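Spelled out, the chains give:
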Amino acid sequence: MKKIKININIYKNFFILLSEKLKLNKILIIIFSIILMFPLYRTGINVYDELQLRLCKFLGIKSFLKYHYEAVLQHQGRMPIPLVLNNYLNFFSTNQKIYKLVEIFIIISNVVLFGYLLYKVTKNKKLSFLSMIIFIAFLPMGWEPVPPNAYTGMYGISISVFLVSLIYYQSYLETENKKFLIISGITYLYSLLTYELFLFYFLLYLVMALKKDNSRLKIVYVNLKYIIIITLSYLFLYFVLRLCYPSAYDGNKLALISLKRTLNQIFLMFRSSFPGYYLFNAKYRFLFRVSNEFSQESELFINVRIILYMILGVYFINKILKLNTKKIEIKKNIFIIIIILFLMILTLSVRVLSKTNQENPIVGPDLFIGFTNTYFTYFLAVFIISSIVSTFNNKIFKFLAMITFVIFSTSTQIMNEVISLKQEKEYKKLTDAERIFETNEIINWNEKKIFSEDLYKMGLAIGLHKNYWTEISKIKKLNIEVSNKLDNQNGIIISRNIGKREIFLLGTIDSITQDQQILTKNISIFSLNNLESKKVYFKNENNEYNYIELKNGIKDKKFYKYNINFDKTIFTNSIDIVN
């Protein structure tokens, strides 16, 4: 029970400080958080690994555990248990809205614990709150395999656990209560077991111990001894696991092929770690332009959200900058800044020096500019910026800081809004396609084979493995083999886009031409919207163009279904539906 009280007090005291000492309205804080987190709430899954986890969760706990045993322990030579817990917490529900709420809670816990840690170590409210608002307001969304876009549960939970470890370690340094040290050690070990990158963050314990008392190395060693033992124990376990389960994963093997390219990649990821960088990155400026497609309803909503954000952003940043706190002397903390910069370079170098990246570069201006590593360094970059801003107290600087924050954070929020709408649209295509396997019509195709190139393009950046749709059919209690390679299939599924949603067509394969064009005589059209009176254009076997007007649609689960029987076989690739 005592441990639970300690945890409650950590959050309780911090929120008392947040609401009373800073005199901020709790309701405004909640509204501000909702405004900032809404783009994340609407998105789906953006990386292949998480799509696999979702699929395994659909298939049941045995499949979920088997995936971790094979992918984490056997393939990567890593301890699977902590990652199982993290991923299961993240995907304990396969409902998109619920697991997105879980991810939002994880991100918020990262921010709050980060802010509390800084306050506990520095006793500086301005630095603490400034770090939190910069962190959350500039957190970018995109297609990089980095939280909050991906792996939020897998590594975000471990980051929260690690921050708790640092908080309790600081409590130990202040009180010399061994109970705090034990909690800090256990949480530190948990973090290490999820991701070997935490090994480098032993440096933070060293910095905290030196900040406490750097007059005698013996005292520093005594304060660090328990953490050193845990670190060495982890290293021993890590190498034993590698001997028992040699890693076949090139991502955790080091190599160096091109020094110049490696340095350029490190510098690129270093820049992308800093708040606001995505606004200036050529790839994301391009993605912003091509993704900028709004309906009148969504544009109105975006305008309202951005205006509210700007109002509340000005209010909060103004309150924070006006705080009268002890001035941070950069000169006295230059050692800490150097350690932080060194830790950033070390964190990023591991990813860039991986055998995967060295042999087939995946980091670059037109490739990935961020990975899980850059989420770690984002914390460090925010701390550096907040430390510098907190050193100045004159009115002109505060005004310029406020204007800079509002302009660039608002631009980040607009970019996040645009990108999240694009991600939502693409993910809906995938989930809409999965619903086809819940219809009554699809039951007629049980124990048969279906060809579909379009279904396997649904994942876009996610990427779908070759048996994905076959496994989806099994989840729906069917046995339908779905492949994107022609091989004596009975039917075909194709998709067409009309407006916001995807239309799906399921037809028989009646014949195949020498140049691999498929002809059908019967199709069923599935749409989540009513297509009554819409026209379906096609080309028949005699190369004659014609159209049919849709009518007499019937409901099949969530879809409107239209059955069409053609007089002559038609080319499936010629079918088009006019809105």
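Rules used throughout
- Residues numbered from 1 in each chain as written.
- Predicted model: local features only at pLDDT ≥ 70, side-chain atom pairs only at ≥ 80, totals over all residues.
- Heavy atoms only, no water.
- Helix = DSSP H or I, 4+ residues; strand = E, 2+ residues; numbered from the N terminus.
- Rg over C-alpha atoms; globule rule 2.2 N^0.38 Å.
- Contact = heavy atoms within 4.5 Å.
- Areas by Shrake-Rupley, 256 points an atom, 1.4 Å probe, with all protein chains shown as cover.
- Lys, Arg positive; Asp, Glu negative; His and termini not counted.
- Charge placed at Lys NZ, Arg CZ, Asp CG, Glu CD.
- Buried < 20%, exposed > 50% of the residue type's maximum accessible area, 1.4 Å probe, protein only.
- Arc of directions from axis to C-beta.
- Polar contact = N/O pair within 3.5 Å; in protein donor to acceptor, adjacent residues only side chain to side chain.
- Salt bridge = Lys/Arg side-chain N within 4 Å of Asp/Glu carboxyl O.
- Phe/Tyr/Trp six-rings, centres within 6.5 Å; stacked < 30°, edge-to-face > 60°.
- Expected span 1.5 Å × (residues − 1).
- Core = buried A, V, L, I, M, F, W, Y, C linked by side-chain atoms within 4.5 Å.
- Pairing = 2+ DSSP bridges.
- Axes fitted to C-alpha atoms, helices over the stretch in contact; angles between N-to-C directions.
- Parallel < 35°, antiparallel > 145°, perpendicular 65-115°, else oblique.
- Left-handed = near helix turned anticlockwise from the far one by under 90°.
- Nonpolar A, V, L, I, M, F, W, Y, C, P; charged D, E, K, R; others polar.
- pLDDT = per-residue confidence, 0-100.
- Patch = residues over 30% accessible without salt bridge, like charges linked within 9 Å, V, L, I, M, F, W, Y side chains within 5 Å.

Caption draft 1: Examining the overall build of the protein more closely. The helix and strand inventory of the protein stands at 19 helices and 11 strands. What you see for the protein is a C-alpha radius of gyration of 27 Å, in line with the 25 Å of a compact globule of 579 residues. When contacts within the protein are restricted to residue pairs at least 6 apart in sequence, those whose partners lie at least 24 apart make up 78%. Within the structure as shown, the protein displays about 27500 Å² of accessible surface, and the carbon and sulfur contribution to it stands at 60%. Distance between charge centres in the protein, computed from 71 positive and 40 negative side chains, equals 15 Å.

Caption draft 2: Examining helix H13 (residues 282-291) more closely. Of all the residues in H13, the buried ones are Lys283, Tyr284, Leu287 and Ser291. Seen along its axis, H13 keeps its buried residues to an arc of 90 degrees; they face one direction. Away from the buried face of H13 by more than 90 degrees, exposed residues Ala282 and Arg289 are located. Looking at the buried residues of H13, the elements they touch are helix H18 (395-435). Between the side-chain oxygen at the start of H13 and the backbone nitrogen of lysine 283 there is a gap of 3.0 Å, and the oxygen is on asparagine 281.

Caption draft 3: View of the side chain of serine 386. As for its position among the elements, serine 386 is in helix H17 (residues 372-389). Ignoring sequence-local partners within four residues, the contact set of serine 386 consists of Leu127, Leu130, Ser131 and Ile134.

Caption draft 4: Looking closely at the pattern of salt bridges. Throughout the structure, instances matching the rule amount to 19 salt bridges. Ionic pairing is found between glutamate 441 and lysine 561, a salt bridge with its closest N-O pair at 2.9 Å. Separated by 120 residues along the polypeptide, glutamate 441 in the loop between H18 and strand S1 (449-451) and lysine 561 in strand S10 (residues 559-571) bring together distant segments of the chain. Here glutamate 441 matches lysine 561 in class, with each residue buried.

Caption draft 5: The packing of aromatic side chains, seen in detail. In total, this model carries 38 aromatic pairs according to the counting rule given. Between phenylalanine 38 and tyrosine 41 the ring centres are 6.1 Å apart and the planes differ by 40 degrees, which places this aromatic pair in the tilted class. Pair noted here: phenylalanine 38 and tyrosine 41 are both in helix H2 (residues 26-42), with a separation of 3 residues, about one helical turn. For the pair tyrosine 169 and tyrosine 172, a centre-to-centre distance of 6.2 Å together with 35 degrees between the ring planes defines the contact as tilted. With tyrosine 169 and tyrosine 172 both in helix H8 (residues 152-175), this residue pair falls 3 residues apart, about one helical turn.

Caption draft 6: Layout of helix H4 (residues 61-74). Helix length check: H4 (14 residues) gives 18 Å between terminal C-alpha atoms against 20 Å at 1.5 Å per residue, within 8%. Among the residues of H4, Ser63, Phe64, Tyr67, His68, Val72 and Leu73 are the ones counted as buried. At its buried positions, H4 is contacted by helix H3 (48-59), helix H5 (81-90) and helix H11 (217-244).

Caption draft 7: Molecular detail of the environment of valine 578. Summarising the element assignment, valine 578 is placed in strand S11 (residues 576-578). Between the C-alpha atom of valine 578 and that of serine 533, which follows or precedes it by 45 residues, the distance is 10.0 Å. Setting aside its immediate chain neighbours within four residues, valine 578 contacts Lys534, Lys535 and Tyr537.

Caption draft 8: Broad picture of the environment of isoleucine 548. In this fold, isoleucine 548 is placed in strand S8 (residues 545-549). Put simply, isoleucine 548 and phenylalanine 571 are 23 residues apart on the chain and 14 Å apart in space, counted from C-alpha to C-alpha. Look past the residues within four positions of isoleucine 548 in its chain and what remains in contact with it is Lys534, Lys535, Val536, Phe538, Ile564 and Phe566.

Caption draft 9: Geometry of the nonpolar core. Membership of the largest hydrophobic core comes to 147 residues, with the highest contact counts inside it found for Ile133, Phe135, Tyr169, Phe405, Tyr468 and Trp469. Those residues in contact with isoleucine 133 that lie beyond four places of it in its chain are Phe32, Phe316, Ile317, Ile320 and Phe405. Ile492, Ile518, Ile525 and Ile564 belong to the second largest nonpolar core, which has 20 residues in total.

Caption draft 10: Fine view of unusual backbone geometry. The residue after proline 147, namely proline 148, is reached through a cis peptide bond having omega 5 degrees. Mapped onto the secondary structure, proline 148 falls in the loop between helix H7 (125-138) and H8.

Caption draft 11: Structural detail: the pairing of strand S6 (residues 518-527). For S6, the tally of buried residues reaches 8 of 10 residues, placing the bulk of the element in the interior. Alignment of strand S4 (residues 501-508) against S6, held across 4 bridges, turns out to be antiparallel. In the strand pairing of S6, leucine 506 is matched with serine 524. Two strands pair when backbone bridges link them, and strand S5 (residues 511-512) and S6 are joined in this way by 2 bridges, in the antiparallel orientation. Bridging from a neighbouring strand, serine 511 pairs with leucine 519 of S6. Remark: 5 residues form the turn of the hairpin made by S5 and S6, two consecutive strands paired antiparallel; glutamine 516 in that turn has positive phi of roughly 70 degrees. In this structure, S6 lies alongside S10, joined through 8 bridges in antiparallel fashion. Of the residues in S10, the one forming a bridge with serine 527 is tyrosine 560.

Caption draft 12: Representation of the sheet that holds strand S7 (residues 535-539). Strand order in the open sheet formed by 3 strands is S8-S7-S11, with antiparallel pairing between adjacent strands. Lying at the two open borders of the sheet, with one neighbouring strand each, are S8 and S11. Between one strand and the next, the sheet's axes are offset by a mean angle of 25 degrees, whatever the strand orientation.

Caption draft 13: Spatial organisation of the environment of glycine 313. Positionally, glycine 313 belongs in helix H14 (residues 296-321). On the basis of relative accessible area, glycine 313 is assigned to the buried category, the value being 1%. Separated by 281 residues in sequence, glycine 313 and phenylalanine 32 place their C-alpha atoms 8.0 Å apart. Look past the residues within four positions of glycine 313 in its chain and what remains in contact with it is Phe32 and Phe405.

Caption draft 14: Summary view of the packing of H2 against H18. Running from N to C, H2 and H18 cross one another at 20 degrees; their axes reach a closest spacing of 8 Å. Taken together, the axes of H2 and H18 lie roughly parallel to each other. Considering how the two elements wind past one another, H2 and H18 form a crossing that is left-handed. In this structure, H2 contributes Leu36, Pro39 and Arg42 to the contact, and H18 contributes Gln413, Asn416, Glu417, Ser420, Leu421 and Glu424. Per-class residue counts for the contact of H2 with H18 are 3 nonpolar, 3 polar and 3 charged.

Caption draft 15: Local environment of the confidence of the model for the protein. Of the residues in the protein, 93% have a pLDDT of 70 or more, and the chain-wide mean is 88. When mean pLDDT is compared element by element in the protein, helix H9 (residues 178-194) scores highest at 96, while helix H1 (residues 2-21) scores lowest at 51.

Caption draft 16: Focus on a nonpolar patch on the surface. A contiguous nonpolar surface patch, about 700 Å² in accessible area, is contributed by Phe280, Ile396, Phe399, Leu400, Ile403, Ile407 and Phe408. Within the secondary structure, phenylalanine 408 sits in helix H18. Using a relative accessible area of 33% as the deciding quantity, one classes phenylalanine 408 as partly exposed.

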